[in-house]
Amino acid sequence: MSHQAELEIEILSLDCLEKASDEIGMELVRDAKSYKTYAGKQKCDHLIRVKGNSKAFEIGVMETHKDRYSLMTDFFMRGHGLQDVVGDRACKLNQAYTAAVFADSLPFGYSVHRTVNEQTGELVMEGVHA
Amino acid sequence: MHRIIFTIPLHGNPTLKVEGVKGTKCKDITSALEKALGKVVKDEATPDMNERPIHEQINQY
């Protein structure tokens, strides 16, 4: 062991957000101008919606700075199914996004293994370089 | 052989750990990853980081 870092994740890649959405049963719609909430449509730059559930509220993706994004949504009434898919405070989506960035950013020559702790939901990704 | 171990909890910040690299080369390995992921909020050197790589030790003789 030689170095350990704790990170605060920022959403910097739409491609990885798209992969993460797909992984948990959602889809990213690029250039969507509004997303659905209890209070009606709200402005956004892109949206993420639950596949196969047209009643679920949606997640708005806002480009706050160039190539830097924030997510907004409405969990009233559990978002009519949205929260069951993304988890509390969108934890499942955040976790899938983080994993997608890690897999995409590893230099050539690494093999990647994934392990999920079924009790805690913790995901461990291990990149091994021979 | 070295390993990069990335632990992502459902809630809270993930941690990135490098094993099997002596010296400060581990920083080179993870800097691009850290940049792609976001902000480093805590960074700790572990004992291997203060050890010199083997080829440097050989050059001393």
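What you are looking at is a predicted structure, and each value in this text was computed from that prediction instead of being measured.

Draft legend 1. Representation of the overall build of chain B. Of regular secondary structure, chain B possesses two helices and three strands. Out of the 61 residues belonging to chain B, those deemed buried represent 39%. Considering only residue pairs separated by 6 or more positions, chain B has 35% of its internal contacts joining residues 24 or more positions apart.

Draft legend 2. Structural detail: the interface of chain A and chain B. Each side of the interface is counted separately: chain A has 33 residues, and chain B has 40 residues. Of the roughly 3600 Å² buried where chain A meets chain B, counting both sides, 58% is carbon and sulfur surface. For the pair chain A and chain B, the number of links is two salt bridges. The salt bridge involving Glu 126 of chain A is made with Arg 3 of chain B; its shortest N-O contact spans 2.4 Å. Secondary-structure elements contributing two or more residues to the side of chain A that touches chain B are strand 1 (3-9), helix 3 (91-105) and strand 9 (123-129) of chain A. Per element, the largest residue contribution to the side of chain A that touches chain B is eight residues, and it comes from helix 3 of chain A.

Draft legend 3. Spatial organisation of the sheet that holds strand 7 (residues 68-72) of chain A. Residues and elements named next belong to chain A. Judged by pairing direction, the sheet is antiparallel, and its four strands sit side by side in the order 2-5-6-7 without closing on themselves. Two strands in the sheet have a free side with no partner beyond their single neighbour: strand 2 (26-29) and strand 7. On average, adjacent strands in this sheet sit at an angle of 25 degrees to one another, irrespective of strand direction. For strand 2 and strand 5 (residues 46-50), the ladder comprises four bridges, and the chain directions are antiparallel. For Leu 28, the partnering residue across the bridge sits in strand 5 and is Ile 48. Contacts from helix 1 (residues 14-23) reach strand 2, strand 5, strand 6 (59-65) and strand 7, with the element oriented near 150 degrees to strand 2.

Draft legend 4. Focus on the environment of Ala 32 of chain A. Residue and element names in this part refer to chain A. You can see Ala 32 is positioned in the loop between strand 2 and strand 3 (34-37). Using a relative accessible area of 12% as the deciding quantity, one classes Ala 32 as buried. The spatial distance from the C-alpha of Ala 32 to the C-alpha of Val 50 is 15 Å, given a sequence separation of 18 residues. Setting aside residues no more than four positions away along its own chain, Ala 32 makes contact with Cys 44, Asp 45, His 46 and Leu 47.

Draft legend 5. Representation of a nonpolar patch on the surface. Residues and elements named next belong to chain A. A contiguous nonpolar surface patch, about 370 Å² in accessible area, is contributed by Tyr 38, Phe 76 and Met 77. Inspection of the secondary structure assignment puts Met 77 in the loop between strand 7 and helix 2 (82-86). Residue classification places Met 77 among the exposed residues on the basis of a relative accessible area of 55%.

Draft legend 6. Structural view of the pairing of strand 8 (residues 110-116) of chain A. All names here are of chain A. Pairing geometry for strand 8 and strand 9, over seven bridges, is antiparallel. Along strand 9, the bridge assignment pairs Tyr 110 with His 129. Between the antiparallel neighbours strand 8 and strand 9 lie six residues, among them Gly 121 with a positive phi of about 80 degrees.

How each quantity is defined
Residues numbered from 1 in each chain as written. Chains lettered and ligands numbered in written order. Predicted model: local features only at pLDDT ≥ 70, side-chain atom pairs only at ≥ 80, totals over all residues. Heavy atoms only, no water. Helix = DSSP H or I, 4+ residues; strand = E, 2+ residues; numbered from the N terminus. Buried < 20%, exposed > 50% of the residue type's maximum accessible area, 1.4 Å probe, protein only. Contact = heavy atoms within 4.5 Å. Buried area = accessible area lost by both parts, 1.4 Å probe. Salt bridge = Lys/Arg side-chain N within 4 Å of Asp/Glu carboxyl O. Pairing = 2+ DSSP bridges. Axes fitted to C-alpha atoms, helices over the stretch in contact; angles between N-to-C directions. Patch = residues over 30% accessible without salt bridge, like charges linked within 9 Å, V, L, I, M, F, W, Y side chains within 5 Å. Areas by Shrake-Rupley, 256 points an atom, 1.4 Å probe, with all protein chains shown as cover.

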